[in-house]
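The chain contents come next:
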Amino acid sequence: MRPVGSMIRGLIGPILCGTFTACALGALVVAQAWGETSNAEGVLTPPDAAVPDIAQASPQSDANPDSSGPTLTLRDEPSESEVVPAAPPDAAADPSAHDPNSSRPSTSEANPASGPSGADNGSKLQPSADPATNTEVVIDPAAFNGITPGVSTIADVQKAWGEPTARAEQDGDMLHLYQVGPFNRVETRFRDGKVLGIVVHLDKAYPAHLMAEHLQLSNVRPVVISDPEGQVIGQTFPEKGVLFSFAPSGEVGKASMLVTQIILDPISAEPFVLRAETFLDSDPQAAEKDLRVALRLDPQHARASWLLAKSAMLLGTPQPALTAARRAVTLQPNDVQFRLTLSQVLAATGEKQKAGRELQRVVAAAENRPHIKARAVCALGELSAIADPPDYTKAVEYFTEAIKIAHPIASDSHPAFRLAAKEVLVDAHLGAAKAIAWGPWEQKEIVVPRWLERAGQAADALTQEGGSPLVRIRVAASALNAAVGVPSGLDPQPWLARLEEAAPAALAEATGVRRSQVQWDLGVALYDAVQCFQIRGEHDHALHYGAQAAELLEAGQASRSMQQTDYYLMGRLYFRLGAIHAIAKGDHTAAVQMFDKAVPLLQKAAENATGISAGRLGETFVSMGVSYWESDQAATALALTEKGIQLLEMAVKAGAMDATVLEIPRSNLTAMRRQAQKSPASPPPKEGDLPSVTR
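Owing to the predicted nature of the structure, the values given are computational and were not obtained by experimental measurement.

Here we take up the sheet that holds strand β14 (residues 258–264). Pairing in this open sheet of 8 strands is antiparallel, and the strands run β7-β8-β9-β10-β14-β13-β12-β11 from one edge to the other. The outermost strands of the open sheet, each flanked by one partner alone, are β7 (166–170) and β11 (223–226). On average, adjacent strands in this sheet sit at an angle of 25° to one another, irrespective of strand direction. Alignment of β7 against strand β8 (residues 173–180), held across 5 bridges, turns out to be antiparallel. The partner of Arg167 across the bridge, within β8, is His176. On the sheet, helix α3 (residues 269–278) packs against β11 and β12 (232–237) and is oriented at approximately 100° with respect to β11.

Residue Pro389 is reached from Asp388 by a cis peptide bond, and omega for that bond is 5°. For Pro389, the location among the structural elements is in the loop between α9 (370–385) and α10 (392–409). In this structure, Gln443 takes a positive phi of about 55° despite not being glycine. Relative to the helices and strands, Gln443 is located in the loop between α11 (415–438) and α12 (444–464). Classification of Gln443 by relative accessible area gives partly exposed; the value is 43%. Located in the positive-phi region is Asp632, a residue other than glycine, with phi close to 60°. Among the structural elements, Asp632 can be located in the loop between α19 (611–630) and α20 (634–653). Look at Asp632 and you get exposed, because its relative accessible area is 66%.

Let's shift gears to the side chain of Gln261. Inspection of the secondary structure assignment puts Gln261 in strand β14. Of note is the side chain of Gln261, whose polar atom sits 3.2 Å from the side chain of His201.

Cut-off values and rules
- Residues numbered from 1 in each chain as written.
- Predicted model: local features only at pLDDT ≥ 70, side-chain atom pairs only at ≥ 80, totals over all residues.
- Heavy atoms only, no water.
- Pairing = 2+ DSSP bridges.
- Helix = DSSP H or I, 4+ residues; strand = E, 2+ residues; numbered from the N terminus.
- Axes fitted to C-alpha atoms, helices over the stretch in contact; angles between N-to-C directions.
- Contact = heavy atoms within 4.5 Å.
- Buried < 20%, exposed > 50% of the residue type's maximum accessible area, 1.4 Å probe, protein only.
- Polar contact = N/O pair within 3.5 Å; in protein donor to acceptor, adjacent residues only side chain to side chain.

Here is the structure:
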C-alpha cells in the first residue's frame, strides 16, 4: 500500500456536491533508510537512541453490510482491446563483486527459499518453484450503460441517458448530473465535447471484493490509493479505467474497503505507474510491464522513467536502468530523487567517480528533503566501502551522518518520509557494521554485533509498518558478510536462523526473476556462512551450508545474466568446499570432485582479470593443482599450476603482489615436471617432493 501526494483532478465540481475527488496516483516518494556514531580509541559503537516504536499495523477490514452487489453492469464497448506485450529485460547484469576480503554494500533485497536452520537437524534453505506469471497487459476500457470515457460524446450521452437533471461548469469543463436506471446520481464531466469521467454514486456501501466480482474485474490486479497521510481512500483497476472510492474507515491506518462510488476514467498512465510502484520490490517484472505501458501512454512521464530504472536494477539489468535514469533526469533535472537513482545506477555500472559527483550534488540540493539527503549520504558510505582501495573510515563517517539525519524523520507523521528514513536506518547500520568488520578498528567482536542488532531492530520496525519481508533477508545476509570480516569469526548461527525465518514470507512475495534473485542472494549469504564456519574450524557445518549455497546459486543463475564476478563467487564456493575436503579431511578425491565444478567457473572469472583479482585467482589455481596431483591427474595439475603462475605474474607485474608469492608455485611446478619426466614405473612422489600450499 503506497500513499499518494497530489490531486489528478476533481471529476465533478463542488456545485454538484458530495463528489469524490480522485487522488493522483504517482506522487509518492519512497526512499530507503536509517542510522549511528563513533567514539575514541578506535572503537565504534551505536548511539544510545533506541529504535522508535512507531510501527503502525494496517489490516484491511472487510465489513459486509450487504452480501449482494448493486444492480450495475460495466459493459466493454465493441472496440478492440489493446494488448501490450511484455518487453524482455536487457540481458546485461552487473552484480557487485563478492570476495571474502572486500566489503560488499547491500544492493538488492533478496527473496529466499525456506527452511529452518541447523547443520544437525537436516533442515535447509532450498530453491523454490516460481508460479507462472502473466506475460502481457491487456487494456480494455470499461463502459457504463453504453458510455465510455474518452470515447463517447455529449450527443452519445444524451441519446443514451436523456437530458441531465442538473448542469454546471468548472474550469472550462461541462458537468452534468443524470439519473440512470436505479442510480439516482451519475455525475459526468465533459471536455471538448467528450466524456472525461463518470462518477456513479451507490445507495449504500458494498465490500470491494464483492463489487469487483460483480463487475467482472477479478482478473485485473488492482492497486489501492492512499492520501498523503497513508489512509486508503480507494482502489483502481488500471486496464479498465475503473476506480472504487471507499467510505472512511474511522480508524487511522485502516481501510474500510467499502465502495461508495464507482469512477470511470479514460485509460491513463498514472494508475499503471502507481501499480508499478506498489509492486516494484516484490514483482519488478510486472512493474516493468506497467511502466512500459505508462510510457507508451505518456512518453514524457518522468516518474515512470525513474521507476523503470529502479525495476531494471532489481532485474539485474543496469544498462537499461542507466538509460531510463538518464531519461528521467533529462525530463526533470531538478528532481533530486531521480538524480539519486542515477548515481546508484552509475555506481552499479562501474562509473564510481561520476556516481560520487552526482551524490554530492544530491546532498547539496536536498537540504529541504532530509529523507533524500539521508539516503544520498548513506549511498556515499556504500561507495566509499567499495572504492579501490576501500575507505572504511570515510564510509563509517558517512553512515553515521546518515543515521543522524534519518533518525528524527523515522517518527515523522508523513508515512512516505517515515518509511524512507527507516529504510536508511537499516542500511546505514548494516553498512557501518560491515565497514567496521572489514576496517582497522579494535574490539570488533564486541562492537559489530551491536550495530547488527540495531539494524535488526530497525528492520523489525520497518516490517511492522508494512515494509517488505525482504528487508529481514537483507539484514541477515549483511550480518553474515560482516561476520566474515571479524578475525575471530562471529557465530553465524543466530543470523542463519533469522535468514531461514524470513525466507518463506520473502519467497511468497516474490515472483519471476525476482524469486531467482532471492535464491541467488540466499546462496551468497550461505557462502558467507561457509566462510564463517571455516574461520571457526567448524568444517562439517561449512560443508553442510556450502551444499545448500551451491544448490541455491545454481537455481538463482537460471534467469541471471552471469558476469565474471558471479563466476568467481560460485567458483570460490566450490574451491572452498574442495579445500575443506583436502586440508581438513585429507580427502583429495572428494576435493577434486568440488574442483571439477570450480575450474570452469574460475576460468571464466579469469578472463581479462588484472591486478589483485588476477593474483587471487592465480593462488586458487595453484592450490587446486596440488589436489589434482595427489589424485594422480598430473596433466590437469600441471595445467592449473601453469595457469596460476601466469596470473600471479600478471599481479606482480602490476604491483598488486610481491614477487615472493611466486616462490611456492614455481617450486610446485618444478617438482611436478621433474616427477612427470620419470619412468611410469617409478613410485608416486613422496609427501616432501611437492611443497605444501597455503590455500
